[in-house]
Amino acid sequence: MRGPRYLPEPSLVEITVRTIQSRFLLVLTKIVAETIIGVIARAQERYGVSVIDVKQMSSHLHLLCFFKDGDQMASFMRYVNSNVARKVGRLIGWRGPFWERRYSHVVVTNEKAAQVERLVYLLRKACGS
């Protein structure tokens, strides 16, 4: 088992997780979107994470969250990844590995301008810009 990811302090973090072979497994339908949001909401409540934004693309997810430490981030993402893979996989009839690899994360500095920049970037992803 891998150790938890390190965070230098309570941090705003952008997380990206990609589907296997960049397949379009996160089909942009209402039921898949509601399932993903439901899983993230349960994880948010269970682990006490502040979720700022979620962007669902066909082959990956972006999340912008505030974590108190690496243990919280690892537990939250383990729950999200396993439940999204199982529930969405069942909805679309997918068997086998769902995610390409472990999620990647980028710590956003505490500078207000940097935090606004990350949020604007994610909001633009939704518009296709």
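Residues numbered from 1 in each chain as written. Predicted model: local features only at pLDDT ≥ 70, side-chain atom pairs only at ≥ 80, totals over all residues. Heavy atoms only, no water.

## Quick look at the packing of aromatic side chains
Test applied: The criterion for an aromatic pair is that two Phe, Tyr or Trp rings (for Trp, the six-membered ring) have centres within 6.5 Å, with stacked assigned to planes under 30 degrees apart, edge-to-face to planes over 60 apart and tilted to the rest. Whether a residue is buried, partly exposed or exposed follows from its accessible area with a 1.4 Å probe, protein chains only, as a fraction of its type maximum: under 20%, in between, or over 50%, in that order.
Scanning all chains against the criterion turns up 3 aromatic pairs. Pairing F67 with F76 gives two aromatic rings, centres 5.7 Å apart and planes at 65°, and the pair type is edge-to-face. Across the pair, exposure class does not vary: F67 and F76 are buried alike. Ring centres of F98 and W99 lie 4.9 Å apart, and the angle between their planes is 75°; on these two criteria the pair is classed as edge-to-face. We note that F98, like W99, is buried.

## Considering the nonpolar core
Definition in use: Grouping buried Ala, Val, Leu, Ile, Met, Phe, Trp, Tyr and Cys residues that are joined through side-chain atoms within 4.5 Å yields what is termed a nonpolar core. A run of H or I in DSSP counts as a helix once it spans at least four residues, and a run of E counts as a strand once it spans at least two, with each numbered from the N terminus. What makes two residues a contact is simply this: any of their non-hydrogen atoms within 4.5 Å.
Grouped together as the largest cluster of nonpolar side chains are 30 residues, with contacts concentrated most on F67, F76 and V84. The set of elements that each furnish at least two residues to this core consists of β1 (11-18), α1 (30-47), β3 (60-67) and α2 (70-92). Ranked by the residues each element gives to this core, the list is headed by α2, at 9 residues. Once residues lying within four places of it in the same chain are set aside, the contact partners of F67 are L7, E9, P10, S11, V13, I15, V49, Q72, M73 and F76.

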